[in-house]
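# Examining the three-dimensional arrangement
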Amino acid sequence: MFTQGKLRRRLVTGFAGLAAMALVGSIAAAPAQAATEEAEDPSVMRIATDDFIDSFNPFTSFYLMPTNTFKYMYENLVANSAETGDVIEGLATEWNTEEGGKRWTYKIRPEMKWSDGEPLTSEDVAWTYNQMMEKDELSVANGGLVENFAKVEAPDESTVVITLKEPQANNPGQEIPVVPKHVWSKIDKPGEFKNEENTVGSGPFQLESYEANKSVTLKSNPNFWRGEPTLDKIQYRYYTNSDAQVQAIRSGEVDFITGLTPEQFKAIEDADGVETNVGNGRRFSGISINSGLADADGEEFGTGHAALKDKKVRQAIRAGIDIDTLREQVMQDYAQPATSFVPSVYEKWALPEDDPVITGFDVERAKKLLDEAGWKEGSDGIREKDGEKLSLRFLTDADATVEQNTAKFVKPWMKDIGIELKNEASDVDTVSERSTKGDYDMYFSGWSLSPDPDYQLFINTCGSRPDAEGSGGTSQDGYCSEEFDKLYQQQHVELDENKRAELVHQALALHYEDTASITLWYQNQLEAFRSDRFTGFTKQPTDGGIIANQVGYWGYSSVEPASAADASGGGGMGAGGWIGIAAAAIVVIGGGGFLISRRKKSDDRE
């Protein structure tokens with residue numbers, strides 16, 4: 001689990017990045033040219049970006065752009081498949097559990113090499129984990145993932161043993177970039193190391209160079225154990241706004257863009273030499289409700305309206321929102337219907353659409369719920385109770401078109417059921433600050449999820465609530481329910497996946513019933529690439545998935561120049577080989593462990 005305060009920063013950063021991508025500014029904004037003689041090289045793929053970079057240190061960086069490059073530079077002990085997102089072999093070829101999920105033993109793939117040719121062994125894995133466990137400066141980005149680790153050992157060069165403080169069902173070998181001990185152990189202050197050029201890793205690409213606000217260049221790794229990618233390089237190029245990025249792919253200045261708005265996506269669909277992709281994403285969007293925030297000790301804080309402590313009022317708000325119309329009008333149908341905060345792309349974990357707890361748009365039910373809560377219609381149509389009007393604040397990002405359009409629809413719908421809704425639009429930093437301090441009634445929210453729902457469930461437990469200053473915890477909505485906490489803990493240690501999925505569904509149904517938030521949709525990731533230059537992009541999941549922002553290194557690793565698409569058998573792995581590997585990846589569970597299902601289905605992650 002992530003350290004809560006750190007995860008909050010990552011979330012905010014993600015929002016900021018998305019908000020920047022959504023900006024519709026002047027098309028005249030010129031790209032920050034990455035002047036390079038490689039621009040027309042058919043083996044160099046150019047990706048447009050405007051994301052912020054703090055460093056390329058995998059121990060400390062938590063921004064979206066660097067963490068996405070880490071997925072290509074460094075591997076984890078286990079990976080997530082391109083086909084389904086399920087856990088598959090990575091640096092480890094097999095693993096087993098003992099002591100009811102408290103002890104995990106991994107077998108490391110033999111004869112692997114780092115990109116500089118040095119051998120990669122279990123000692124590198126154990127050293128990486130122990131550095132994060134022992135040094136605060138190296139636990140900044142992912143320290144929460146080792147919080148449950150009691151010790152990590154490498155009894156021989158092909159074995160890693162993780163002993164946990166408490167049992168857990170989800171594989172602890174996920175999401176932690178493993179670095180080479182022979183490089184990082186020689187750095188005097190590894191927490192301050194920027195790692196900005198000629199990196200050494202085990203993934204398909206390594207960072208060659210970085211020029212602030214200009215470009216980030218990755219080069220292929222000839223020692224990658226799955227085979228060297230066909231592409232020689234990937235180059236991220238900076239543009240000042242998303243419209244400039246659209247212009248760049250239309251003109252052929254770049255080869256791939258993502259994070260398009262529906263308007264931008266439709267505008268580019270028929271462009272010559274450009275192919276588009278509508279990916280089912282791993283992100284949900286919704287409205288968080290201040291149902292009575294309290295800190296970890298139960299001390300209430302914030303300025304939330306007292307009426308929102310009543311579940312019937314929160315349920316009335318949900319019943320008064322026509323979510324289907326929002327998806328059609330605001331998202332222009334580029335979003336999937338939602339049930340809970342676990343996206344439908346994670347099929348086995350998502351709350352089924354036919355769960356009896358699910359309710360729809362029903363104005364009369366909304367009014368009845370408010371009546372039952374004691375809020376009676378006043379002379380102006382706004383409900384009152386004890387002389388106070390039911391007037392709520394809705395925080396939105398003024399620069400986010402989707403949020404502004406959503407607020408325009410919701411405001412009259414709330415008036416229809418007798419609630420006055422005041423749209424308070426401001427910059428994303430203000431929204432973040434106010435929501436952290438509980439200074440809101442409702443605000444537009446959203447998260448990207450991993451294939452395993454454990455973390456997102458965890459941040460809905462009472463123990464995830466922050467202190468009164470908003471520090472020390474990252475709670476999704478400030479939700480706190482003893483019954484939910486019990487279900488969380490049960491699924492956390494349940495090793496039978498089917499039984500665990502049922503417990504997860506029960507927890508999601510309870511959260512839906514309690515209405516700490518209203519999930520609106522699972523938005524599609526809108527992307528475009530130059531099909532006249534490149535082919536072989538791998539989606540995650542295979543059926544209707546995304547290319548960028550995957551869990552793992554599949555999206556670009558399989559790409560090859562369009563001119564070479566038929567020339568299989570060249571020096572690199574090529575798209576066909578990569579896709580075959582992604583689809584055929586297996587998991588081996590040995591000893592007294594348990595079998596993790598690998599059935600085919602549609603799912604994915606952040």
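Our subject in this report is the structure included herewith. (Residues numbered from 1 in each chain as written. Predicted model: local features only at pLDDT ≥ 70, side-chain atom pairs only at ≥ 80, totals over all residues. Heavy atoms only, no water.)

The terminal C-alpha atoms of helix 14 (residues 497-514), which comprises 18 residues, lie 26 Å apart, in line with the 26 Å expected from a rise of 1.5 Å per residue. Burial of helix 14 is extensive: 13 of the 18 residues sit out of reach of the surface. Capping of helix 14 at its N-terminal end is provided by aspartate 496; its side-chain oxygen lies 3.0 Å from the backbone amide nitrogen of asparagine 498. Downstream of helix 14 by one or two residues, threonine 515 has phi in the positive range, about 55°. (Helix = DSSP H or I, 4+ residues; strand = E, 2+ residues; numbered from the N terminus. Expected span 1.5 Å × (residues − 1). Buried < 20%, exposed > 50% of the residue type's maximum accessible area, 1.4 Å probe, protein only. Polar contact = N/O pair within 3.5 Å; in protein donor to acceptor, adjacent residues only side chain to side chain.)

Time to look at the packing of helix 7 (residues 311-319) against helix 14. Between helix 7 and helix 14, whose axes approach to 8 Å, the crossing angle comes to 95°. By the angle between their directions, the pair helix 7 and helix 14 is classed as roughly perpendicular. Contacts from Lys311, Arg314, Gln315 and Arg318 in helix 7 reach Tyr512, Glu513 and Asp514 in helix 14. Per-class residue counts for the contact of helix 7 with helix 14 are one nonpolar, one polar and five charged. (Axes fitted to C-alpha atoms, helices over the stretch in contact; angles between N-to-C directions. Parallel < 35°, antiparallel > 145°, perpendicular 65-115°, else oblique. Contact = heavy atoms within 4.5 Å. Nonpolar A, V, L, I, M, F, W, Y, C, P; charged D, E, K, R; others polar.)

Mapped onto the elements, threonine 84 comes out in the loop between strand 2 (78-80) and strand 3 (87-89). Given a relative accessible area of 4%, threonine 84 falls into the buried group. Here aspartate 86 takes part through its backbone nitrogen, which lies 3.1 Å from a polar atom of the side chain of threonine 84.

Turning our attention to the sheet that holds strand 17 (residues 376-377). Taken together, the three strands give an open sheet; going across it, the order is 17-18-19, and neighbouring strands pair in antiparallel fashion. At either end of the open sheet lies a strand with only one pairing partner, and these are strand 17 and strand 19 (388-389). With two bridges connecting them, strand 17 and strand 18 (residues 383-385) associate as antiparallel partners. From the neighbouring strand, glutamate 377 faces strand 18, where its bridge partner is arginine 383. (Pairing = 2+ DSSP bridges.)

Applying the stated criterion across every chain yields a total of 24 salt bridges. For the salt bridge of lysine 311 with glutamate 513, the shortest nitrogen-to-oxygen distance reads 3.9 Å. With lysine 311 in helix 7 and glutamate 513 in helix 14, the pair connects residues that are 202 residues apart, well separated along the chain. Among the salt bridges present, the one from glutamate 372 reaches lysine 368, with a minimum N-O distance of 2.5 Å. With a gap of four residues between them, glutamate 372 and lysine 368 both fall in helix 9 (residues 363-372), about one helical turn apart. One network of salt bridges, in which partners are shared, links Arg393, Glu424, Arg434, Asp439 and Asp441. (Salt bridge = Lys/Arg side-chain N within 4 Å of Asp/Glu carboxyl O.)

Further remarks concern the side chain of glutamine 315. Tracing the sequence through the fold places glutamine 315 in helix 7. On the accessibility criterion, glutamine 315 (9% relative accessible area) is buried. Side-chain polar atoms of glutamine 315 contact the backbone oxygen of glutamate 513, separated by 3.0 Å. Excluding residues within four positions of it along the chain, glutamine 315 makes contact with Arg365, Leu369, Glu513 and Thr515.

Applying the stated criterion across every chain, the model contains 23 aromatic pairs. The interplanar angle of 50° and the centroid separation of 6.2 Å between the aromatic rings of phenylalanine 444 and tryptophan 521 together place this pair among those described as tilted. Here phenylalanine 444 is found in strand 22 (residues 442-448), whereas its partner tryptophan 521 is found in strand 23 (residues 517-530), with 77 residues between them in sequence. A relative accessible area of 9% places phenylalanine 444 in the buried class. A connected cluster of aromatic rings, assembled from ring pairs, spans Tyr72, Phe205, Phe256, Phe529, Phe537 and Tyr556. Across the ring face of tryptophan 225, the terminal group of arginine 109 is positioned such that the distance to the ring centre comes to 3.4 Å. Positioned over the ring face of tyrosine 512 is arginine 318, at 3.6 Å from the centre of the ring. (Phe/Tyr/Trp six-rings, centres within 6.5 Å; stacked < 30°, edge-to-face > 60°. Lys NZ or Arg CZ within 6 Å of the ring centre and 35° of its normal.)

Relative to strand 11 (residues 215-220), strand 10 (residues 205-211) runs antiparallel, the two sharing six bridges. From the neighbouring strand, tyrosine 210 faces strand 11, where its bridge partner is valine 216. Linking strand 10 back to strand 11 in an antiparallel pair, the connection comprises three residues, with asparagine 213 at a positive phi of about 60°.

This paragraph deals with the state of the cysteines. Across all of its chains, the model carries one disulfide by this definition. In this model cysteine 462 forms its disulfide with cysteine 480; the gap between the sulfur atoms is 2.0 Å. The sign of the 100° torsion about the S-S bond sets the cysteine 462-cysteine 480 disulfide as right-handed. Highlighted residues: cysteine 462 in the loop between helix 12 (454-458) and helix 13 (482-493) and cysteine 480 in the loop between helix 12 and helix 13, separated in sequence by 18 residues. (Disulfide = S-S within 2.5 Å.)

Once that is clear, we can look at the packing of helix 7 against helix 9. In the contact formed by helix 7 and helix 9, the axes pass within 8 Å of each other and the chain directions differ by 165°. Compared by their axis directions, helix 7 and helix 9 come out roughly antiparallel. When you trace helix 7 past helix 9, the crossing you get is left-handed. Only Val363, Arg365, Ala366, Leu369, Leu370 and Glu372 of helix 9 make contact with helix 7, whose side of the interface consists of Lys312, Val313, Gln315, Ala316 and Ala319. When its residues are assigned to classes, the contact of helix 7 with helix 9 shows seven nonpolar, one polar and three charged. (Left-handed = near helix turned anticlockwise from the far one by under 90°.)

Structural measurements only, silent on function.
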